[in-house]
Amino acid sequence: MRRSLIIAHRGASSLARENTIESFQRAIEIGVDMIEFDVRRTKDQVLIVHHDELMEGKSVKELTYDEISKMATGQGFSIPTFEEVLKYTSGKIKMDVEIKEEGYEKEVVELLSRYFGKDQFVITSFHDACIKRIKNNHPDIKAGLILGISKPEHPIRTRISEFFPAKRCREAKADFLVPHWRLLGFGFLGRVKRENTPVFVWTVNDEKMIWKLLHDERIDAIITDRPDLAIALRNKM
């Protein structure tokens, strides 16, 4: 049986604070196949590793890196720059880089290419245009379209396009799809696999579901906050 990849969501985020060097270190120690993390850009054009759009009620893109760092320090943690993460992980692990907004794809690719070979990372985004831009400029880089946005502007239209994603996938030139686990029903996997499209599922933390998906050969990768559990379950197979 083919083994699904185990991808640590924002690092080993059940064992250390997400999107920190500590969480990436734990993920590497556990023996995951890849680490997934988020990239945003600050007001002063610094690429940082951080998930949330806001810091203390203010938009990350309207704050300088120094301002964000001071806020994080006040909360007892540190926010690494994108380059710091790449320097730390280079040569140790493969990376799944989620770009949170459009507009800095070029910078992300340039930095990634400085520290990683093209077979050592993938890029993902909820933004179709972001994926298409990367594929148009770098067709040899693997890029995936994330499905399952929490609060879409057009809920019905968006959900239909997520349950039936073939057109979006083709137009964005995505190499693979990254659906939320709630999208897996209603024949989703059958439709996607008829197009021979790889599937990375997020974010799967339930033990029974992880076990089930590990045995489903249509699933290429499982993204989880509990990579230690997922690795242990996979080792039992």
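Right above here is the structure, for reference.
Described in the following lines is the structure provided in the data block. (Residues numbered from 1 in each chain as written. Predicted model: local features only at pLDDT ≥ 70, side-chain atom pairs only at ≥ 80, totals over all residues. Heavy atoms only, no water.)

### What about helix 2 (residues 65-74)?
Going by this rule: When a residue's accessible area, from a 1.4 Å probe over protein chains only, is under 20% of the maximum for its type it is buried; when over 50% it is exposed; and in between it is partly exposed. Note on conventions: DSSP H or I runs of at least 4 residues are helices, E runs of at least 2 residues are strands, and numbering of each starts at the N terminus. In this description, one arc is meant: the one made by directions from the helix axis to the C-beta atoms. Contacts: residue pairs with any heavy atoms within 4.5 Å of one another.
Listing the buried residues of helix 2 in full gives Tyr-65, Ile-68, Ser-69, Met-71 and Ala-72. For helix 2, the angular spread of buried residues about the axis comes to 160 degrees, placing them on one side. Turned more than 90 degrees from where helix 2 packs its buried face, Lys-70, Thr-73 and Gly-74 sit exposed. In this fold, the buried residues of helix 2 make contact with strand 3 (47-49), strand 4 (54-55), strand 5 (58-59) and helix 3 (82-89).

### Structural notes on helix 4 (residues 105-115)
For helix 4, every residue scored as buried is listed here: Glu-105, Val-108, Val-109, Leu-111 and Leu-112. All buried residues of helix 4 fall inside an arc of 170 degrees around its axis, so they share one side. Summarising the geometry of helix 4, the exposed residues directed more than 90 degrees from the buried face are Lys-106 and Arg-114. Those residues of helix 4 that are buried are in contact with strand 2 (34-41), strand 3, helix 3, strand 6 (94-99), strand 7 (121-125) and helix 5 (128-137).

### Digging into the nonpolar core
The condition is simple: Working definition of a nonpolar core: buried Ala, Val, Leu, Ile, Met, Phe, Trp, Tyr and Cys residues. They are joined through side-chain atoms within 4.5 Å.
By size, the foremost hydrophobic cluster in this structure holds 28 residues, and its most contacted members are Phe-37, Phe-82, Met-95, Val-108, Leu-112 and Ile-123. Top element by residues in this core is helix 4. It accounts for four residues. Ignoring sequence-local partners within four residues, the contact set of Phe-37 consists of Arg-10, Asn-19, Phe-24, Val-49, Phe-82, Val-85, Leu-86, Met-95, Asp-96, Val-97 and Glu-98. Core analysis: the second largest hydrophobic core is formed by 27 residues, Ala-174, Leu-213, Leu-214 and Ile-231 among them.

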